[in-house]
Amino acid sequence: MPKTRKIKRLEELANDPPNLAIYEVILITVSSVKLKMKGVVVIMRMVALVGTVVFSFHMIDNKYSMALAATPVTFVFGDSLTEVGNNNFLQYSLAKSNYPWYGVDYPGGQPTGRFTNGRTIAEKLGISSPPPYLSLSPNDDAVLKGVNYASGGAGILNDTGLYFIQRLTFDDQIQYFQKTRDVMRSKIGVENATKLCNEALYFIGIGSNDYVNNYLQPFLADGQQYTHDEFVQLLTSTLDKQLRRLYGLDARKIVLHGLGPLGCIPSQRVKSKKGQCLKRVNEWVLEFNSKVKSLITSLNSRLPKAAFMFADTYPDVLDLISNPTAYGFKISNTSCCNVDTSIGGLCLPNSKLCRNRKDYVFWDAFHPSDAANQVLAQKLFSSMFSHMNHTPSSIAPVPQPMLNY
Ligand SMILES: *[C@@H]1O[C@H](CO)[C@@H](O)[C@H](O)[C@H]1NC(C)=O
Ligand SMILES: *[C@@H]1O[C@H](CO)[C@@H](O)[C@H](O)[C@H]1NC(C)=O
Ligand SMILES: *[C@@H]1O[C@H](CO)[C@@H](O)[C@H](O)[C@H]1NC(C)=O
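Residues numbered from 1 in each chain as written. Chains lettered and ligands numbered in written order. Predicted model: local features only at pLDDT ≥ 70, side-chain atom pairs only at ≥ 80, totals over all residues.

- In the nomenclature of an unreviewed UniProt entry, the protein chain is known as GDSL esterase/lipase of Cannabis sativa.
- Looking at the protein chain in UniProt, the text filed under Sequence similarities (unreviewed entry) is "Belongs to the 'GDSL' lipolytic enzyme family."
- Heading Subcellular location (unreviewed entry) of the UniProt record for the protein chain holds this comment: "Secreted". (UniProt positions renumbered as here; feature names shortened; annotations may be inferred.)

### Notes on the packing of helix α5 (residues 170-188) against helix α9 (residues 228-248)
Piece 1. Axis separation between α5 and α9 bottoms out at 11 Å; the angle between their running directions is 5°. Judged by the inter-axis angle, α5 sits roughly parallel to α9. The residues of α9 that touch α5, namely those facing F170, D171 and I174, are Q242, R245 and L246.
Piece 2. For the contact of α5 with α9, the per-class residue count stands at three nonpolar, one polar and two charged. (Axes fitted to C-alpha atoms, helices over the stretch in contact; angles between N-to-C directions. Helix = DSSP H or I, 4+ residues; strand = E, 2+ residues; numbered from the N terminus. Parallel < 35°, antiparallel > 145°, perpendicular 65-115°, else oblique. Contact = placed C-beta atoms within 7 Å. Nonpolar A, V, L, I, M, F, W, Y, C, P; charged D, E, K, R; others polar.)

### As for the packing of α5 against helix α6 (residues 190-199)
Piece 1. With their axes 7 Å apart at the nearest point, α5 and α6 run at an angle of 130° to one another. By the angle between their axes, α5 is oblique relative to α6. Crossing of α5 against α6: the hand is right-handed. Contact residues: R181, M184, R185 and I188 in α5; V190, N192, A193, L196 and C197 in α6. (Left-handed = near helix turned anticlockwise from the far one by under 90°.)

### Quick word on unusual backbone geometry
Piece 1. The residue D250 is not glycine, and still its phi comes out positive at about 85°.
Piece 2. Turning to its location among the elements, D250 is positioned in the loop between α9 and β4 (253-257).
Piece 3. Owing to 17 C-beta atoms within 10 Å, D250 belongs among the partly exposed residues under this scheme.
Piece 4. Even without being glycine, K305 reaches a positive phi, approximately 65°.
Piece 5. With respect to the element layout, K305 can be found in the loop between α11 (279-302) and β5 (309-311).
Piece 6. We classify K305 as partly exposed; it has 13 C-beta atoms within 10 Å. (Buried ≥ 20, exposed ≤ 12 C-beta atoms within 10 Å, placed from the backbone.)

### Some words on the nonpolar core
Piece 1. Ranked by size, the top nonpolar core spans 83 residues in total, and within it F77, Y149, Y202, I254 and L376 carry the most contacts.
Piece 2. In terms of residue count, the dominant contributor to this core is helix α13 (residues 370-385) (seven residues).
Piece 3. With near-sequence residues (within four places) excluded, L376 lies in contact with I121, T313, D316, V317, L320 and P368. (Core = buried A, V, L, I, M, F, W, Y, C linked by C-beta atoms within 7 Å.)

### Some points on the confidence of the model for the protein chain
Piece 1. Of all residues in the protein chain, 76% attain a pLDDT of 70 or more, and the chain-wide mean is 79.
Piece 2. Averaged pLDDT values for the elements of the protein chain fall to 31 in helix α2 (residues 20-33) and rise to 98 in α9.
Piece 3. Note that residues 1-70 has pLDDT below 50 and, in this model, 103 contacts with residues that lie over four places away or in other chains.
Piece 4. In the predicted structure, residues 387-405 sits below a pLDDT of 50 and forms 37 contacts with residues beyond four places in sequence or in another chain. (pLDDT = per-residue confidence, 0-100.)

This is the structure we're talking about:
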């Protein structure tokens, strides 16, 4: 959906207070005041507002109520940026993060399968964090509350991350979601399951590995076989099919995360002469993001009741990397964990850590630190929320980011 149309609709929204979107914000705010714990209030508000921002545009048309779903059921798809432990269940996978330093800043301090020292960006965003699919038994009631299918090494293309031996590709993840839907249908009936799937939130972050662990690897075929224009065409046409497949499985509210400036991650910087960002890689990523944004716009107009949203994080991540001190960081050109990029770039047990983990934007050669995920989630959240600025502040309070995390 074009931006101008969104804004126009939001003006209509602001001029028309008794509609569902604003009603929902009031409802959630009132109910959250009753809770004493500040953290919970903030989380609830954020979940509610993510829902509102994403779906308010369609509510005017659909008139279906999000108000009932204070904590939407969430299905997470993606790669190591959103994984919460699926790969630990894949015996031969080489894309694992169950090494001592991962999770050092996660409650308990143990590795959990997250590829960072603490929480992932999706978790920082306040979206409920469902369990990894492979940790659930086939008939688990937990599936009714959401599932995380994300898997380190995964890409849009099936052959991305091939050298990790095992990972759940995006197609595999969608296949597993289909199984989840079958289980839900057998548990609560087709009608109830359809409603649940229609109202759930789908959070997708995929595509980084199609570059880092495919196109940018000189020894793999894709980088030699395709020009970048051809490759981006292959990625977006594959993604188009995948998103339509999810839609066919009743997904309506999809938030698709764009790619960050991959040319600036430590694993790419080491390929430059003086440790600078790889400009060409960043240009490719921008081209990918722009094509995916158009795809989302086109899918929203083609598919009835689709409420897909493209979350563009590129400018914010680049700003954080370019001006780390403005955000309280000291170093953004190398990682806190002193990784060896020639043997993979993950933080291995014998690696040395930096003294102050909050000083570093990057945890290992690929992944942001817990502290960076905090900043990025706040920025993503406020950019999603900025669309709501037309709403009178007296009835829709500005949300608080999760400062106490
Ligand atoms: C990728 O794998 C999925 C699931 O295994 C399969 O359905 C799909 O056809 C494959 N795509 C290609 C292009 O091979
Ligand atoms: C669907 O949900 C309703 C309301 O919760 C419930 O009464 C009904 O039994 C459910 N249908 C099935 C087939 O489980
Ligand atoms: C990172 O930047 C600092 C300051 O600009 C520089 O001294 C250092 O060599 C850089 N490190 C790497 C790995 O490029």
